Amino acid sequence: MTNALIQQSPYEAVQWVEGTISGVNLNNVTIAGTGTFALQEQTGGAAKFTNVTATGVGYSSPVYNCSGGNFVVTDGGGNSGISGTPYCGGWPAPVFPPYPSEGVTATPGALNFGSVATGSTSAAQTVTVSNPTSTAAAVSSISASGDYAQTNTCGSSIAANGSCTVSVKFTPTATGSRNGSLTVNAGGTTSTVSLSGTGTAPGPVLNTDPASLSFPATVVGSSATAQTVKVTNSGTTAATVSAVSATGDFSQTNNCSTLAVGASCTVTVGFKPTTGGARAGNLTVTSNANNSPTTVALTGSGIDSTTNIAAGRPATASSGSSPYVASNLTDTDASTYWEGTLGSFPQWAQVDLGQNYGVGKVVLKLPPATAWSARTETLSVQGSTDGSSFSTIKASAGYTFDPSANNNTVTITFNAATARYVRVNITANSGWNAAQLSDFEVFPGSGGSSPATLSADPTSLTYPTQALNTDSAAKTVTVTNTGTAAATVSGITATGDFRQTNTCGSSIAANASCTVSVTFRPTASGTRAGDLTIASNASNGTTTVALTGVGAGTVSRNLAAGAATTESSHADVYASSNVTDGNQGTYWESANNAFPQWVQVDLGSAQSASRVVIQLPATWGARNQTLSLSGSTDGSSFSTLKSSATYTFDPTTNNTVTINFTASTQRYLRVTITANNGWPAGQLSEFQVWNT
């Protein structure tokens, strides 16, 4: 059973009743609201569970089992809610499960905003409010408590089978953990979403996205495809990154230095396991941020000569019938097996390893039970890189499976050969008139490395001075496989301000070449560095080309993005923090009938600016506002940057007004509004401050 949902059973989700059970595999199965038990085992046998989760189990133990140890569950990993001491006794009263929601719901049930400086506002996170009923649901109230605020699109009701969204922001008023809740009262149902975040002292704050990285299983000495982490300054002043490091079998390159408020940088993380098994490390970003050091957990696993790389992989065969199918060959249940059609030798079974490996050993098994008497099967081992053309890895010979002598297990070793598809071709079986195998295990050759070897020419590229945000001419790197077998390419990446396209595909044949075209597009002035990396199964690991170039000019940037704000006043939920959130649909509105009113942004430090862009929501009707622009370096003494004038906000021009002025270095910029012919209050949805 694969990709299934089992729910709403008052007694049990899965029941084994009689006979001897075998060949049962549950993969990616969700047991939701099962009621009394998740599993009811009343007979002997075995089953394998992988990524099976159970919630809403009513009894204290999720398992009913009165068969003792005669029923064995193999844990394939990723399971939860199905283990514990089995219950055996009188049948308890059934526990009826909860049934699907019949009213309004809010998802997800929790939001975490990470670290945010006190006095500043986080980016918005979204909650979806859904009405699964056939009638409209009236909205009674939507509110956020604690240091949290919300805006929403729900209006006074939610249409039948419709939904709306709630945007939640976090503005910590103190340091430390800050908790709150979002409460939605709609359709006669109250839904609560827990809210959490951490307040830090004003200043720089660095957050990472994602908070952890997990790499796929990788051959020892080879490199996995690189992954990236985005580091963002969500604080109130610029952050200076002093060091970035990675521990364990992980490496990193980055373009992090000084991050303005709201700015980000990228760390590219590589993984090259030095030994088999689980591997762990940390990425650490050290800075002047209040929450320094900022860490990202790193995990992966190494494949060596003791790793069965066929486990759980797809298997196929020349013939077979249920329940003796090829998929039994790569499960973890030794009692399940594949059997070919009677009397039709030769027969074969094969496993797809997913990529090319240097393989050096195959282990074949039959069920270990003594009921399987000793027998000899005549077979050869074959390999292929494409699944079509197979060559012989180990010549045909007779192998004896004996439950007493070798536990019905045969080990076949051979010189390392490169293959993605490994096949056993069986021509005779002294114990039955068909091919039979219960397990088909494949192991890498010693060290697990491939006879492929990659080189790059040239090993570095240098670009001349390039205007910011423009593309250079492409430079070419030739990648050559000087080894004796095809190299499997798992990823080609360029970091920093560099981009690549390539002709390499997923494989480079022995003695063949491909090309990578690299361009330079600087995002900042000065020297810019990066790397071109070619990850593969080559014996010499990742192939790297150093990239450097020089950017010239100034990047046009909104200095106020995500900046802290203050105001003379605001009405209802229309706080000044909306003017720097990057969302034109949210807005600040002052108290009514109380001109003059003002709103200001704090850039975190004194910075040069020469242009301000202010907006109202794009769908609003046209209106005029009379306003002036002033600046300050200390937040107390302001000087006029643009004298008072009347500006028209018109939806035909996206309700956008641009104010140009002589370049001035200020930390605080303030818009003071003295009149508005569309509403008796000051109104702005975005307040952008540009350096050019």
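Rules used in this analysis
- Residues numbered from 1 in each chain as written.
- Predicted model: local features only at pLDDT ≥ 70, side-chain atom pairs only at ≥ 80, totals over all residues.
- Heavy atoms only, no water.
- Pairing = 2+ DSSP bridges.
- Helix = DSSP H or I, 4+ residues; strand = E, 2+ residues; numbered from the N terminus.
- Axes fitted to C-alpha atoms, helices over the stretch in contact; angles between N-to-C directions.
- Core = buried A, V, L, I, M, F, W, Y, C linked by side-chain atoms within 4.5 Å.
- Buried < 20%, exposed > 50% of the residue type's maximum accessible area, 1.4 Å probe, protein only.
- Contact = heavy atoms within 4.5 Å.
- Salt bridge = Lys/Arg side-chain N within 4 Å of Asp/Glu carboxyl O.
- Disulfide = S-S within 2.5 Å.
- Polar contact = N/O pair within 3.5 Å; in protein donor to acceptor, adjacent residues only side chain to side chain.
- Lys, Arg positive; Asp, Glu negative; His and termini not counted.
- Phe/Tyr/Trp six-rings, centres within 6.5 Å; stacked < 30°, edge-to-face > 60°.
- Lys NZ or Arg CZ within 6 Å of the ring centre and 35° of its normal.

### Regarding the sheet that holds strand β24 (residues 264-271)
Where strands meet in a sheet, backbone hydrogen bonds hold them as pairs that are either parallel or antiparallel. Strand order across the open sheet formed by four strands is β17-β20-β24-β22, with antiparallel pairing between neighbours. At either end of the open sheet lies a strand with only one pairing partner, and these are β17 (206-209) and β22 (250-254). For this sheet, the mean angle separating the axes of adjacent strands, direction not counted, is 30°. As defined by bridge partners, β17 adjoins strand β20 (residues 227-233) across four bridges and the pair is classed as antiparallel. Residue pairing for β20: Asn207 is matched across the bridge by Thr232.

### Side note on the nonpolar core
Core analysis: the largest hydrophobic core is formed by 34 residues, its most contacted members being Leu353, Leu364, Val422, Phe440 and Val442. Looking at this core, the elements with two or more residues in it are β29 (347-365), β30 (375-384), β31 (391-401), β32 (409-429) and β34 (439-444). With residues up to four places along the chain from it excluded, the contact list for Phe440 reads Ala310, Leu329, Thr330, Ala349, Gln350, Val351, Val362, Val363, Leu364, Val422, Arg423 and Val424.

### Notes on the pattern of salt bridges
In the structure shown here, the tally under the stated rule is eight salt bridges. Note that Arg420 is salt-bridged to Asp352, the shortest N-O span being 2.8 Å. Of this pair, Arg420 sits in strand β32 while Asp352 sits in strand β29, and the two are 68 residues apart along the sequence.

### Quick word on the state of the cysteines
Covalent bonding between the sulfur atoms of two cysteines defines a disulfide. For the structure on display, the rule yields three disulfides. Between the sulfur atoms of Cys256 and its disulfide partner Cys265 the distance amounts to 2.0 Å. Taking the torsion about the S-S bond as the criterion, the Cys256 to Cys265 disulfide, at about 85°, is right-handed. Cys265 shares its class with Cys256; the two are buried. Note on cysteine connectivity: Cys504 is disulfide-linked to Cys514, with sulfurs 2.0 Å apart.

### Observations regarding the side chain of Ser438
In this structure, Ser438 sits in the loop between β33 (436-437) and β34. Within the structure, Ser438 has its side chain in polar contact with the backbone oxygen of Ala334 (distance 3.4 Å).

### Concerning the pairing of β29
Among the 19 residues in β29, 14 count as buried, and that is most of the element. Here strand β27 (residues 315-317) pairs with β29 via three bridges, running antiparallel. Note that in β29 the partner of Ala317 across the bridge is Ala349.

### Focus: the side chain of Arg623
With respect to the secondary-structure elements, Arg623 resides in strand β47 (residues 623-632). The buried charged residue Arg623 lacks any salt bridge partner; its closest oppositely charged side chain belongs to Glu589, at an N-O distance of 6.8 Å. Within polar-contact distance, the side chain of Arg623 engages the backbone oxygen of Gly621 at 3.3 Å. Among the polar contacts made by the side chain of Arg623, one reaches the side chain of Gln683 at a distance of 3.0 Å. Residue contacts for Arg623: discarding those within four places in its chain leaves Leu616, Tyr647, Thr648, Phe649, Asn676, Asn677, Gly678, Trp679 and Gln683.

### Quick look at the packing of aromatic side chains
The full count for this structure, using the stated rule, is 13 aromatic pairs. Considering the side-chain rings of Tyr337 and Trp372, the 4.7 Å spacing of their centres and the 80° angle between planes classify their relative orientation as edge-to-face. Of this pair, Tyr337 sits in the loop between β27 and β28 (338-339) while Trp372 sits in the loop between β29 and β30, and the two are 35 residues apart along the sequence. Residue Trp372 is classed as buried on the basis of its relative accessible area, which comes to 14%. Judged by centre distance (5.8 Å) and plane angle (45°), the ring pair of Tyr463 and Phe520 falls under tilted. A residue pair is termed long-range when its members are at least 10 positions apart, and Tyr463 in strand β36 (residues 460-467) and Phe520 in strand β41 (residues 513-520) qualify at 57 residues. Take Tyr463 and Phe520: they sit in the same class, and that class is buried. Above the plane of the ring of Trp348 lies Arg423, whose end atom (NZ or CZ) is 3.8 Å from the centre.

### Some remarks on the sheet that holds strand β42 (residues 526-536)
Taken together, the five strands give an open sheet; going across it, the order is β36-β43-β42-β38-β40, and neighbouring strands pair in mixed fashion. Where the open sheet ends on each side, the last strands, each with one partner, are β36 and β40 (507-508). Bridge analysis of β42 against strand β43 (residues 543-552) gives nine bridges, and the strand direction is antiparallel. Along β43, the bridge assignment pairs Thr527 with Val550.

### Quick notes on the environment of Thr232
Here Thr232 lies in strand β20. With sequence-adjacent residues up to four places away left out, Thr232 is seen in contact with Val205, Leu206, Asn207, Gly262, Ala263 and Ser264.

Geometric values such as these leave the question of function open.
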